[in-house]
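The primary structure of each chain is shown beneath.
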Amino acid sequence: MRKIPLARLLLMGIATSCAVPAPAAAQSFELVELQREMNALLATRPGEYGIAAIDLDDGSTAAVNGQIPFPMASTVKLAIAGAYLSEVDQGRRSLNDIIGGRTAARAMEAMIVHSDNLAADQLFATLGGPAKVQQWVRSHNISGMRIDRTIAQLLRERGHLADIKDVATPVAMVELLRILDRGTALSSQSRAYLLGLMSQCRTGTRRIRALLPVGTLVEDKTGTLDGITNDVGFITMPDGRRVAIAVFARGGRDRQPVIAQVSRMIYDRLADGVRNAVAAFMKLR
């Protein structure tokens with residue numbers, strides 16, 4: 001199926017939104033329905049959720065609590081990976097470098113696929129610590145994200161639910177995802193390498209992936225702490241379009257099923273947008 005710029009047809013299921021919706025005239029039907037469904041779902045669930053999604057083809061976004069900072073937990077490991085791979089692209093480092101008794105490639109795989117905290121801290125140390133990764137994030141004009149501590153330090157302090165350190169807004173996280181996927185932060189080789197690792201994520205089978213149709217390509221990274229359940233990554237739609245999604249959850253219970261339901265809502269609304277756009281186009285012929 002030919003990719004259709006849904007924003008141009010005003011049938012795209014994702015458009016700019018936040019806690020206070022834009023005037024109704026500026027919203028597509030799919031966006032209104034998506035916002036209604038997400039808000040109705042979250043109203044019945046305890047805890048607090050932050051959601052953002054961006055269509056990587058046209059940049060249209062949707063968000064619920066998109067500007068509220070949430071603890072990143074292990075989703076910060078995507079920023080570590082991005083910072084390290086950018087130095088590989090610059091020739092300053094190599095995936096064959098030895099870090100903590102293993103190659104950087106093995107450490108990266110352990111960090112992204114299995115969410116290995118020791119591997120993350122070894123890569124942190126090699127880069128010069130959290131401040132260096134924060135510097136890399138800022139160099140790409142990503143605001144709303146702060147990286148303060150190593151994973152070991154974060155786990156020792158355990159002030160997770162109300163923490164103001166090592167947090168990101170959902171909008172900032174999807175901007176990081178966009179930069180990794182479509183920006184100039186990584187070479188095509190490094191991008192493919194990172195996405196390949198994310199596609200093998202072993203810790204998120206009950207989150208973004210759980211309710212999507214069998215065979216849907218998902219590349220994600222989870223984050224989990226006491227009372228914190230996150231999943232961020234990419235969903236490839238049936239027509240080939242890619243969506244970056246971030247879902248942060250804190251407090252309450254049943255956080256994983258909610259992440260799965262929200263992800264399916266986003267998927268379905270985008271798929272509906274494609275079907276509606278094609279139907280409208282065919283009627284005009």
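Given the structure is predicted, the values throughout are model-derived calculations rather than measurements. For every chain, the first residue of its written sequence is number 1, and the numbers climb from 1 along that sequence. Residue-level local features of this predicted model are given only where pLDDT is at least 70; pairs of side-chain atoms are given and counted only at 80 or more, and the full residue set underlies all totals for whole chains, interfaces and linings. The basis for every side-chain value is the complete set of heavy atoms in the structure, and neither hydrogens nor water enter the calculation.

Enquirer: What should I look at first to understand the sheet that holds strand E2 (residues 61-64) in this one?
Expert: Note on sheets: strands pair through backbone hydrogen bonds, and any given pair is parallel or antiparallel. We call two strands paired when DSSP finds no fewer than two bridges between them. Put simply, DSSP marks the helices as runs of H or I at least four residues long and the strands as runs of E at least two long, and each gets a number from the N terminus on. A sheet is described by the order of its strands in space; here 5 strands give the open sequence E2-E1-E9-E8-E7, paired in antiparallel fashion. The sheet terminates laterally at E2 and strand E7 (218-225), the two strands that pair on one side only. The mean inter-strand angle of the sheet, taken between neighbouring strand axes irrespective of direction, is 5°. Of the strand pairs in this sheet, strand E1 (residues 48-55) and strand E9 (residues 242-250) are connected by 8 bridges, and their pairing is antiparallel. What sits directly across from Tyr49, in E9, is Ala249. Note on geometry: axes are lines fitted to C-alpha atoms, helical ones only across the stretch in contact, with angles between N-to-C directions running from 0 to 180 degrees.

Enquirer: Sorry, what's going on with the packing of helix H3 (residues 77-89) against helix H6 (residues 130-139) here?
Expert: Pairs of packed helices are described in terms of their axes, by the angle between the two and the distance that separates them. Direction vectors running N to C along H3 and H6 enclose 80°, while the axes themselves pass 9 Å from each other. Relative to H6, the element H3 lies roughly perpendicular. Residues Ala79, Ile80, Gly82, Ala83 and Ser86 of H3 lie in contact with H6, whose contacting residues are Val133, Trp136 and Val137. For the contact of H3 with H6, the per-class residue count stands at 6 nonpolar, 2 polar and no charged. An angle below 35 degrees is treated as roughly parallel, one above 145 as roughly antiparallel, one from 65 to 115 as roughly perpendicular, and anything else as oblique. Contacts between residues were defined by any pair of non-hydrogen atoms, one from each residue, lying within 4.5 Å. Residues were grouped as follows: Ala, Val, Leu, Ile, Met, Phe, Trp, Tyr, Cys and Pro as nonpolar; Asp, Glu, Lys and Arg as charged; and all remaining residues, including Gly, as polar.

Enquirer: Where do I start with the packing of aromatic side chains in this structure?
Expert: Between the rings of Phe, Tyr and Trp (Trp by its six-membered ring), a pair exists once the centres lie within 6.5 Å; its type follows the angle of the planes, with under 30 degrees stacked, over 60 edge-to-face, and the other angles tilted. One pass over the structure, following the stated rule, counts 1 aromatic pair. Ring centres of Phe70 and Phe248 lie 5.9 Å apart, and the angle between their planes is 40°; this geometry places the pair in the tilted category. Linking Phe70 in strand E3 (residues 70-71) with Phe248 in strand E9, this pair joins segments that are 178 residues apart in sequence. Comparing Phe70 with Phe248, the two get one shared label, buried. Both a distance and an angle decide whether a charge sits over a ring: NZ of Lys or CZ of Arg must be within 6 Å of the ring centre and within 35 degrees of the ring normal. Arg242 extends its terminal NZ or CZ atom over the ring of Phe234, reaching a point 4.8 Å from the ring centre. One Lys or Arg, Arg250, reaches over the ring of Phe70 and ends 4.3 Å from the middle of that ring. Three labels apply to residues, based on accessible area from a 1.4 Å probe with only protein chains included: buried if under 20% of the type maximum, exposed if over 50%, partly exposed otherwise in between.

Enquirer: Please explain the pattern of salt bridges as it appears in this structure.
Expert: Pairing between side chains becomes possible if they bear opposite charge and their charged atoms approach one another. Only one rule defines a salt bridge in this text: a Lys or Arg side-chain nitrogen within 4 Å of an Asp or Glu carboxyl oxygen. Taken as a whole, this structure holds 20 salt bridges when the rule is applied. Notably, a salt bridge pairs Asp181 with Arg191, separated by 2.9 Å at the nearest N-O pair. Highlighted residues: Asp181 in helix H8 (residues 170-182) and Arg191 in helix H9 (residues 188-199), separated in sequence by 10 residues. What makes Asp181 buried here is its relative accessible area of 5%. Close ionic contact of Glu219 with Arg242 constitutes a salt bridge, the shortest N to O distance being 2.9 Å. Placement of Glu219 in strand E7 and of Arg242 in strand E9 is noted, with a sequence separation of 23 residues between them.

Enquirer: I would appreciate a short explanation of the pairing of E2 in the present structure.
Expert: Two faces make up the sheet, and in a regular strand the side chains alternate between them. As paired strands, E1 and E2 are joined by 4 bridges and run antiparallel to one another. From the neighbouring strand, Ala52 faces E2, where its bridge partner is Ala63.

Enquirer: I keep staring at the packing of H3 against helix H4 (residues 104-113) and nothing clicks. Help me out?
Expert: For the pair H3 and H4, the least separation of the axes is 10 Å and the interaxial angle reads 160°. What the angle tells us is that H3 and H4 run roughly antiparallel. Between H3 and H4 the crossing geometry is left-handed. Residue-level inspection shows Lys77, Leu78, Ile80, Ala81, Tyr84 and Leu85 of H3 in contact with H4, the latter providing Ala104, Met108, Met111 and Ile112. Partitioning the contact of H3 with H4 into residue classes produces 9 nonpolar, no polar and 1 charged. Should the near helix be turned anticlockwise from the far one by less than a right angle, the crossing is left-handed, and should it be turned clockwise, the crossing is right-handed.

Enquirer: Help me understand H4, please; the structure alone is not making it clear to me.
Expert: For an α-helix, 3.6 residues make a turn, and residues three or four places apart therefore share a direction. Summarising burial for H4: 7 of the 10 residues are buried, a large majority. Those residues of H4 that sit buried are Ala104, Ala107, Met108, Ala110, Met111, Ile112 and Val113. Close packing links the buried residues of H4 with H3, strand E4 (98-99), strand E5 (102-103), helix H5 (117-127), H9 and E7. Following H4 by one or two positions, Ser115 adopts a phi angle in the positive range, close to 55°.

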